[in-house]
Amino acid sequence: FKLLFLIIALVLYALLLMPGFIRVGGMIVYYFFSPDVVRGVMYGSKPRQRLDLYFPRHARDDVTYPVVVYVTGGAWTIGYKAWGALLARRLSEQGVLVACLDYRNFPQGDALDMLEDVNTGISWVLSRIHRFGGDPDSVTLVGQSAGGHLAGLALIKQVGKGETGGGVNMGPASRLAAFVGVSGAFDLVGLAAHRGDIRSNFRRGMWGWKRPAYDTLSPLQAARRLPPGAAGMLPYVLLIHGTADKTVPAEGSAQLCEALQSSGAPSCRCLLIPGKTHTAFLLEDPMRGGRDLLMDTVLGAVKGSGDSAAGEGDLEDGRGGGSGRGIGGGDGDRGGAGTTGVESGRMYSSLCPAFLCNLAGRVCPF
């Protein structure tokens, strides 16, 4: 009955958002034919080591642009670089050069292969993005869901000088300006228990056909094992998570923030957004129109101006510890909860009626 309920909920969710999916069809034309998008740039020689570049409109050769490296989600099985097209387009319209990484999925590769790909892609961007007009001293790493897990683990392992997969290092973490983790799978031990219905598939995806190693591959555990002083090399860290996330519990983001603070991270914030599901930041919110909270959040981190355009009404008291509307801060904090971060958040037209988006959020199985 549980599987049947999930299937029904998924079908209903898709039907409610269908008007938006139809209108988003224009993104296909943009993705394949826009002169501002360069698809399939090789960042390595192994399968799926490719990335897409989204250039600011009317980019000039005499200007350098801030950079976002985006690692998409997909449950380690269906991730694809094009999933970041809408966010990348909106960021590029604000003058940001975006690199969306592709990486091997299970069964083509296991977690270490994925981690190797992400490390290789980040290293490529840091060392070569200046050739494309990007500022290598203004690179923000963004990861969503499984992509948040991989990007966060790569970053934490790098500052801890631990094994990063395939012997590949992403490069000095100090070169990154910020890391934004969106609905990230940071506590694999807790997630494995939470997702007991798919535990066998999750185990294979994490460790191939071998014995699973959730503890070794968990960013939360890696943060708790950082040697003294290592966390001080971390860039600004901002974690954003919806409290209604059924796929990846928000507690993992809160616990990672606390672990990084305890390890001495100079600035780490965790924003818990009431009522947001696992897909809200990528689907329901952009389709509803108005402010795009995820875009504003990332842009705020890129500009070094705080926690995003999230206002006080967007935030909830931090779970798992901490106090106030959100968890964390630090000497290098870029702003407190309730700051705008972006001087004027852009308002977008609606792709799907708001009441349908609200209903979709209620039936969302994710």
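In what follows, the structure referred to is the one given above.
Attention here is on the structure that accompanies the text.

Parameters and conventions
- The numbers attached to residues start from 1 for each chain and follow its sequence in the written order.
- Per-residue local features are limited, in this predicted model, to residues with pLDDT of at least 70; the limit for side-chain atom pairs, both in listing and counting, is 80 or more; totals at the level of whole chains, interfaces and linings are taken over all residues.
- Side-chain numbers here rest on the full set of heavy atoms in the structure, without hydrogens or water.
- Only DSSP runs of H or I with at least four residues qualify as helices, and only runs of E with at least two residues qualify as strands; both kinds are numbered from the N terminus onward.
- Exposure is judged per residue with a 1.4 Å probe applied to protein chains only, and the accessible area is read against the type maximum: over 50% gives exposed, under 20% gives buried, and values in between give partly exposed.
- Between N-to-C directions, angles span 0 to 180 degrees; the directions come from axes that are lines fitted to C-alpha atoms, helices contributing only their stretch in contact.
- Just so you know how the angles are binned, under 35 degrees is roughly parallel, over 145 roughly antiparallel, 65 to 115 roughly perpendicular, and the rest oblique.
- In this scheme the handedness of a crossing depends on how the near helix is turned from the far one: anticlockwise by less than a right angle means left-handed, clockwise means right-handed.
- The criterion used for residue contact is that any of the two residues' heavy atoms lie within 4.5 Å.
- Under the grouping applied here, Gly and all other residues not named as nonpolar or charged are polar, the nonpolar ones being Ala, Val, Leu, Ile, Met, Phe, Trp, Tyr, Cys and Pro and the charged ones Asp, Glu, Lys and Arg.
- The salt bridge criterion pairs a side-chain nitrogen of Lys or Arg with a carboxyl oxygen of Asp or Glu, the two atoms within 4 Å.

### Here we look at unusual backbone geometry
Working step 1: F106 connects to P107 through a cis peptide bond whose omega is 15 degrees.
Working step 2: Relative to the helices and strands, P107 is located in the loop between β4 (97–101) and α5 (111–128).
Working step 3: Phi is positive for H58, which is not a glycine, with a value near 60 degrees.
Working step 4: On the secondary structure map, H58 appears in the loop between β2 (50–54) and β3 (65–71).
Working step 5: By relative accessible area, which is 68% here, H58 ends up exposed.
Working step 6: The phi dihedral of S183 falls on the positive side, at around 50 degrees, and the residue is not glycine.
Working step 7: In this fold, S183 is placed in the loop between β6 (176–182) and α7 (188–194).
Working step 8: Judged by relative accessible area, S183 falls into the buried class, the value being 0%.

### Topic: the packing of helix α4 (residues 85–92) against helix α13 (residues 293–302)
Working step 1: In the contact formed by α4 and α13, the axes pass within 10 Å of each other and the chain directions differ by 55 degrees. Accordingly, the angle class assigned to the pair α4 and α13 is oblique. You can see that α4 and α13 cross each other, and the crossing is right-handed. Seen from α4, the contacting residues are L87, R90 and L91; seen from α13, they are L294, M295, V298 and L299.
Working step 2: Along the lines of polarity and charge, the residues of the contact of α4 with α13 split into 6 nonpolar, no polar and 1 charged.

### Quick notes on the pattern of salt bridges
A side chain with one charge may pair with a side chain of the opposite charge, provided their charged atoms come close.
Working step 1: The tally for this structure, following the rule as stated, stands at 14 salt bridges.
Working step 2: Of the charged contacts, one joins R288 and D285 as a salt bridge, the two residues approaching to 2.8 Å between their closest N and O atoms. Remark: D285 and R288 occur in helix α12 (residues 280–288); sequence separation between them is 3 residues, near one turn of the helix.
Working step 3: Assessed through its relative accessible area of 24%, R288 is described here as partly exposed.
Working step 4: A residue is classified by how much of its surface remains accessible, and D285, at 7% relative accessible area, is buried.

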